[in-house]
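Spelled out from the first residue to the last, the chains are:
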Amino acid sequence: MTGRPWDHLRHCDALEREAAAFADVAADADLDEPVPSCPGWSVAELVRHLGAMHRWAAGTVRVGAPRRLSLRELGVSFPVVPGDHLPWFGEGAERLLEILRAADPDGPVWAWGVDQHVRFWSRRMLFETAVHRADLEIACGRKPAVEPETAAEGVDELLENLEKAAAFAPKVENLRGDGEVLAFEAADLGARWLFRLHPDRFEWTRRDGPAESAESADATVRGDASDVFLFLWGRRKLGDSALEFSGNDDLLVHWVENSAI
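If you're wondering where the values come from, they're calculated on a predicted model, not measured in any experiment.

Draft legend 1. Region of the structure containing the packing of helix 5 (residues 148–161) against helix 6 (residues 225–232). The N-to-C vectors of helix 5 and helix 6 enclose an angle of 30 degrees; their axes lie 8 Å apart at closest approach. As judged from the angle between their axes, helix 5 and helix 6 are roughly parallel. As helix 5 runs across helix 6, the sense of the crossing is left-handed. Side by side, helix 5 and helix 6 meet where Pro148, Ala151, Ala152, Gly154, Val155 and Leu158 of the first sit next to Ala225, Ser226, Val228, Phe229 and Leu232 of the second. Partitioned by chemical class, the residues of the contact of helix 5 with helix 6 number nine nonpolar, two polar and no charged.

Structure follows, in structure tokens:
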């Protein structure tokens, strides 16, 4: 992979770009427009959700929370007048970046994922924002895309935290099997993630290199890193023409039905 290594500050820089991209799209969006990839939500509700997540993460890091704090405990308030949504969102994103960049990435703080440090939140908020920027673009009739290296880092982040997500997405516990392997391949980067199902757990590995040396898989999803990332987050569907699907169809359906977080 090219570029500097992914670390806390690189995640912050990419988060800043994603938040700006979200704000740019939102500025031209109808707040009442439904968001197909978030059933039941309007654009206004999507803006409120992402703005709240930014404030939640910022407050969690700011106070060095040793446990999960609620939005109420952190004093998060919401816009009432529709015209206030975008300035409110921008203020929250700016404050989040300010707090993250000033914080020690190695500082201990509560997190729902594997890494119980400040750096969890710069990484998590990057991909929370990227996924919801995609939702917003879908609502506006656009085709979303994520920069390839960012998308690949996002696949790593999702798979790394997936087991912990069972606490609020219990179907993740159904990702079990008898050694079957799913492969997710980013053809533009030569990256390949192998996800193996065991009777009592799952495990994953990433392999970068020539496809000829790749381990065989029972089912494969192949495409550009952006589309693989969006598929893993449920924003691309089985049969989407942007991706190639091969192997055991039932295994692919099993993934889709149980991996959503």
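Draft legend 2. A look at the pattern of salt bridges. All chains considered together, the criterion is met by 21 salt bridges. Here aspartate 106 ties to arginine 119 by a salt bridge, and the two come within 2.5 Å at their closest N and O atoms. Of this pair, aspartate 106 sits in the loop between helix 3 (85–102) and helix 4 (118–139) while arginine 119 sits in helix 4; the two residues are 13 residues apart in sequence, bridging distant segments of the chain. A salt bridge links arginine 206 to aspartate 156; the shortest N-O distance between them is 2.8 Å. With a gap of 50 residues between them, arginine 206 in strand 3 (residues 202–208) and aspartate 156 in helix 5 connect regions that are remote in the sequence. According to the relative accessible area criterion, arginine 206 is partly exposed, its value standing at 25%. Residue class for aspartate 156 comes out buried when judged on its relative accessible area of 12%.

Draft legend 3. Local environment of helix 3. In a regular helix each residue adds 1.5 Å, so 18 residues correspond to 26 Å; helix 3 covers 26 Å between its end C-alpha atoms and thus fits that length. Along helix 3, the positions that sit buried rather than exposed are His85, Trp88, Phe89, Gly92, Ala93, Leu96, Leu97, Ile99 and Leu100. Within helix 3, the buried residues cover an arc of 165 degrees as seen down the axis, which keeps them to one side. Counted as exposed and oriented over 90 degrees from the buried face of helix 3: Glu91, Glu94 and Ala102. The elements touched by buried residues of helix 3 are helix 1 (8–27), helix 2 (43–62) and helix 4.

Draft legend 4. Region of interest: the pairing of strand 1 (residues 181–186). Most of strand 1 is tucked away: six of the six residues are buried. In strand 1, alternate side chains face the same way, and those of Val181, Ala183 and Glu185 on one face and Leu182, Phe184 and Ala186 on the other are all buried. Sheet topology note: the strand 1/strand 2 (residues 191–197) ladder contains six bridges and is antiparallel. Bridge pairing in strand 2 links phenylalanine 184 to tryptophan 193. One ladder, built from five bridges, connects strand 1 with strand 4 (residues 219–223); its direction is parallel. Counterpart to glutamate 185 in the pairing with strand 4 is arginine 222.

Draft legend 5. Seen up close, the packing of aromatic side chains. Evaluation of the coordinates by the stated rule reveals 13 aromatic pairs. Relative to tryptophan 88, the ring of phenylalanine 78 lies with its centre 5.8 Å away and its plane at 35 degrees, an arrangement referred to as tilted. In this pair, phenylalanine 78 is assigned in the loop between helix 2 and helix 3 and tryptophan 88 in helix 3, connecting sequence segments 10 residues apart. Residue phenylalanine 78 is classed as partly exposed on the basis of its relative accessible area of 34%. Ring centres of phenylalanine 195 and tryptophan 255 lie 5.0 Å apart, and the angle between their planes is 80 degrees; on these two criteria the pair is classed as edge-to-face. Taken together, the residues phenylalanine 195 in strand 2 and tryptophan 255 in helix 7 (residues 249–258) connect sequence positions 60 residues apart. In this pair, the class of phenylalanine 195 matches that of tryptophan 255, namely buried.

Cut-off values and rules
- Residues numbered from 1 in each chain as written.
- Predicted model: local features only at pLDDT ≥ 70, side-chain atom pairs only at ≥ 80, totals over all residues.
- Heavy atoms only, no water.
- Axes fitted to C-alpha atoms, helices over the stretch in contact; angles between N-to-C directions.
- Helix = DSSP H or I, 4+ residues; strand = E, 2+ residues; numbered from the N terminus.
- Parallel < 35°, antiparallel > 145°, perpendicular 65-115°, else oblique.
- Left-handed = near helix turned anticlockwise from the far one by under 90°.
- Contact = heavy atoms within 4.5 Å.
- Nonpolar A, V, L, I, M, F, W, Y, C, P; charged D, E, K, R; others polar.
- Salt bridge = Lys/Arg side-chain N within 4 Å of Asp/Glu carboxyl O.
- Buried < 20%, exposed > 50% of the residue type's maximum accessible area, 1.4 Å probe, protein only.
- Expected span 1.5 Å × (residues − 1).
- Arc of directions from axis to C-beta.
- Pairing = 2+ DSSP bridges.
- Phe/Tyr/Trp six-rings, centres within 6.5 Å; stacked < 30°, edge-to-face > 60°.

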